[in-house]
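Examining the three-dimensional arrangement
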Amino acid sequence: MNNQKLQTLAEQIAITDFNDVFKHKIYFNHRLRSTGGRYLLQTHHIEINPKQYEYFGFDAVVDIIKHELCHYFLHLNGKGYQHRDQDFKRLSQKVGAPRFCKPIQPYEERVQYHYKCQNCKQDYFRIRKVNLNTMRCGKCKGQLKRI
């Protein structure tokens, strides 16, 4: 799928599901890693992660477009466009837009750091490094050690 087909698809979804016209651009952004897509508040354009299409196919892209169009139309109409807003929750439920997309890699594959509590021996697996001076065990408040 190329950017022109993506643009046409977004325009069709906007008309059929939202009864409104999508007047801005939508395109694939190869730099996106941790998200399926994003709506840009400044330009009103939408970017889609091409890996979602590669891994999960056409239906995943349709779901992401619906989700981002919810942000788009609510923002342009001056309503609550953020995930926590009731307007967003209602509209996304109405059009069948999912709250999240499927992750390309499961959490277990993305883990880079392993920590263990020195008191209760609880294991913690994290993608990002944590500050051992401020972080404590969630069970016993013991000190963590990197393994």
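What counts and what doesn't
- Residues numbered from 1 in each chain as written.
- Predicted model: local features only at pLDDT ≥ 70, side-chain atom pairs only at ≥ 80, totals over all residues.
- Heavy atoms only, no water.
- Axes fitted to C-alpha atoms, helices over the stretch in contact; angles between N-to-C directions.
- Helix = DSSP H or I, 4+ residues; strand = E, 2+ residues; numbered from the N terminus.
- Left-handed = near helix turned anticlockwise from the far one by under 90°.
- Contact = heavy atoms within 4.5 Å.
- Nonpolar A, V, L, I, M, F, W, Y, C, P; charged D, E, K, R; others polar.
- UniProt positions renumbered as here; feature names shortened; annotations may be inferred.
- Buried < 20%, exposed > 50% of the residue type's maximum accessible area, 1.4 Å probe, protein only.
- Pairing = 2+ DSSP bridges.

**Some words on the packing of helix 1 (residues 3-18) against helix 3 (residues 58-76)**
Packed helices, taken two at a time, are described by their axes: the angle between them and the distance between them. One can describe the packing of helix 1 onto helix 3 by two numbers: an axis separation of 10 Å at closest approach and a directional angle of 60 degrees. In terms of crossing hand, the pair formed by helix 1 and helix 3 is right-handed. Note on element contacts: helix 3 touches helix 1 through Phe58, Val61, Val62, Ile65, Lys66, Leu69, Cys70 and Phe73, opposite Leu6, Leu9, Ala10, Ile13, Ala14, Asp17 and Phe18. Class assignment for the residues of the contact of helix 1 with helix 3 results in 13 nonpolar, no polar and two charged.

**Regarding the environment of Cys120**
Relative to the assigned elements, Cys120 resides in the loop between strand 4 (113-117) and strand 5 (123-126). Counting along the chain gives 48 residues from Cys120 to Tyr72, while the straight-line C-alpha distance between them is 48 Å. The residues contacting Cys120, other than those within four sequence positions of it, are Cys137, Lys139 and Cys140.

**Considerations on the UniProt feature "active site" (unreviewed entry) in the chain**
Under the present numbering, the feature "active site" (unreviewed entry) in UniProt falls on Glu68. In this structure, Glu68 sits in helix 3. Since its relative accessible area comes to 5%, Glu68 is described here as buried.

**Structural notes on the sheet that holds strand 5**
Pairing is antiparallel in the open sheet, where three strands are placed in the order 5-4-6. A single partner strand is all that each edge strand has here, and the edge strands are strand 5 and strand 6 (144-146). With strand direction ignored, the average angle separating the axes of adjacent strands in the sheet is 30 degrees. Here three bridges tie strand 4 to strand 6, and the two strands are oriented antiparallel to one another. Opposite Tyr115, over in strand 6, you have Arg146 as the bridge partner.

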